[in-house]
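# Structural features, examined
Listed here are the chains, written in short residue letters.
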Amino acid sequence: MQILCFDELDSTNSYLKREYPSLKDMTVVVASHQNAGKGRLGRKWEDDSSSLLFSILLRDSLDMEHAPLLSLLSGVCLHESLKDCSIDSEIKWPNDVLIQGKKCAGILLESVVSDKPEALIVGIGVNLNNEGFQGELEDKAASLFLASGRKYDRMEFLKVFLRHFRRRYGQFRKKDFSFLSVLKEHSYLDGKEILLDYYGENLKCRVVSVLDDGRLEVIDRNGRIHDVDSGEASLCRNYSNSF
Ligand code: BT5
């Protein structure tokens, strides 16, 4: 597994999108800082140089049918890595990891497709040693340091994560999706009221649970059940008022 390290990049995902033709399956790119870190749907990923920011390139034997599950798989591996640091976390479908309800990690899964699928890129930002957050993130973000009072070595934490990822991705390739049971057990959204962007419509609903296939089962205000996958729906926000 080749690990490429940079002091600064625009975005580790963007780097792999540009450079993947010359790189091997499972190449990992790490940056100490990103000047154009990306979240999903054009959103930004902020860092103050105290985070772990990396992307993994997947090129061989791509399973595009199950590819969206890789975001959930990565969330489970982050949860397991935090557990190794004695930090409890929950996984917020489809791509966040939370410590005491605050986001400490986000996952951005991107694909490169031309005539055929060329690459999948799993990008992950983990707030490691942040001593605080500003503005919009002040009350919403967590870091491992804020949770534990300890500072973490970026490469050590990456190694822990990659150990979990290699094992889980090996299982995934054999169609063993047992990571989903960990997700179900540590799912943040169960029972919560949320607003989903569902085929362009805002759907106010209550989460029932994550299903065995990784979809999210929700119930709308008319009592109708919907099983949504992350490609069909994105979470607008938690909706605090009951409906
Ligand atoms: C994500 O998007 O959570 C995916 C983030 C992926 C970041 C990694 S870093 C390495 C790789 N290279 C990249 O360029 N990206 C990946 P989303 O679910 O859209 O969440 C974005 C939202 O999270 C923002 O709109 C903010 O509200 C919040 N946010 C931004 N920075 C944050 C941070 N450091 N900690 C917690 N929340 C943050």
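My aim in this report is to walk through the structure given alongside it, one point at a time. (Residues numbered from 1 in each chain as written. Predicted model: local features only at pLDDT ≥ 70, side-chain atom pairs only at ≥ 80, totals over all residues. Heavy atoms only, no water.)

Here the structure, examined in full by the defined rule, presents 8 aromatic pairs. With a centroid separation of 5.0 Å and an interplanar angle of 55°, the aromatic rings of Phe 6 and Tyr 15 are classed as tilted. A residue is classified by how much of its surface remains accessible, and Phe 6, at 28% relative accessible area, is partly exposed. Here Tyr 15 falls in the buried class, since its relative accessible area comes to 14%. Three or more aromatic residues joined by ring pairs make a cluster, and in this case those are Phe 54, Phe 161, Phe 165, Tyr 169, Phe 172, Phe 177 and Phe 179. (Phe/Tyr/Trp six-rings, centres within 6.5 Å; stacked < 30°, edge-to-face > 60°. Buried < 20%, exposed > 50% of the residue type's maximum accessible area, 1.4 Å probe, protein only.)

With that out of the way, let us pick up the site of the ligand. The local shell around the ligand holds 29 residues, among which Ser 11, Lys 38, Arg 40, Arg 43 and Lys 103 are the closest. In this structure, Arg 40 approaches the ligand through a main-chain N or O atom, which is 2.8 Å from an oxygen atom. Protein burial of the ligand: of its 790 Å² of free accessible surface, 95% is covered by the chains. If you list the elements that add at least two residues to the shell around the ligand, you get α1 (12-19), β3 (52-58), β6 (102-113) and β7 (117-126). No other element matches the 4 residues that β6 contributes to the shell around the ligand. (Near = heavy atom within 4 Å. Polar contact = N/O pair within 3.5 Å; in protein donor to acceptor, adjacent residues only side chain to side chain. Areas by Shrake-Rupley, 256 points an atom, 1.4 Å probe, with all protein chains shown as cover. Helix = DSSP H or I, 4+ residues; strand = E, 2+ residues; numbered from the N terminus.)

Because side chains alternate across strand β5 (residues 96-99), one face comprises the buried residues Asp 96 and Leu 98, and the other comprises Val 97 and Ile 99, equally buried. Hairpin connection from strand β4 (residues 90-92) to β5: 3 residues lie between these consecutive antiparallel strands. Judged from the 4 bridges that link them, β5 and β6 form a sheet pairing that is antiparallel. Residue Asp 96 lies in a different strand from β6, and its bridge partner there is Gly 106. Between β5 and β6, which pair antiparallel one after the other, the connecting turn spans 2 residues, and Gln 100 there sits at a positive phi close to 45°. (Pairing = 2+ DSSP bridges.)

This part takes up the side chain of Thr 27. Counting through the fold element by element, Thr 27 comes out in the loop between α1 and β2 (28-34). A polar side-chain atom of Thr 27 sits 2.6 Å from the main-chain carbonyl oxygen of Lys 24.

In the case of a regular strand, side chains alternate between the two sheet surfaces. Counting buried positions over the 6 residues of strand β8 (residues 193-198) gives 5, a clear majority of the element. Of the strand pairs in this sheet, β8 and strand β9 (residues 201-210) are connected by 6 bridges, and their pairing is antiparallel. The partner of Asp 197 across the bridge, within β9, is Asn 202. Between the end of β8 and the start of β9, which pair antiparallel, lie 2 residues, with Tyr 199 showing a positive phi angle near 50°.

This part is about helix α2 (residues 69-84). Across its 16 residues, α2 extends 23 Å between first and last C-alpha, which sits within 8% of the 22 Å expected from 1.5 Å per residue. In terms of burial, α2 is a largely internal element, 14 of the 16 residues being buried. (Expected span 1.5 Å × (residues − 1).)

A word on α1. For the α-helix, the turn length of 3.6 residues means that residues three or four positions removed from each other point alike. Of the positions making up α1, those classed as buried are Thr 12, Asn 13, Ser 14, Tyr 15 and Leu 16. If you follow the buried residues of α1, they end up packed against β1 (3-9), β2, β3, β6 and β7. Two or three places before Asn 13, at the start of α1, stands the capping residue Ser 11, its side-chain oxygen 3.2 Å from that residue's backbone nitrogen. (Contact = heavy atoms within 4.5 Å.)

Tracing the backbone shows Leu 158 in helix α4 (residues 154-173). Residues Leu 158 and Glu 8 lie 150 residues apart in sequence; the distance between their C-alpha atoms is 17 Å. In this view, Leu 158 contacts Ile 3, Val 28, Val 30, Leu 52 and Phe 54; residues no more than four positions away in its chain are not counted.

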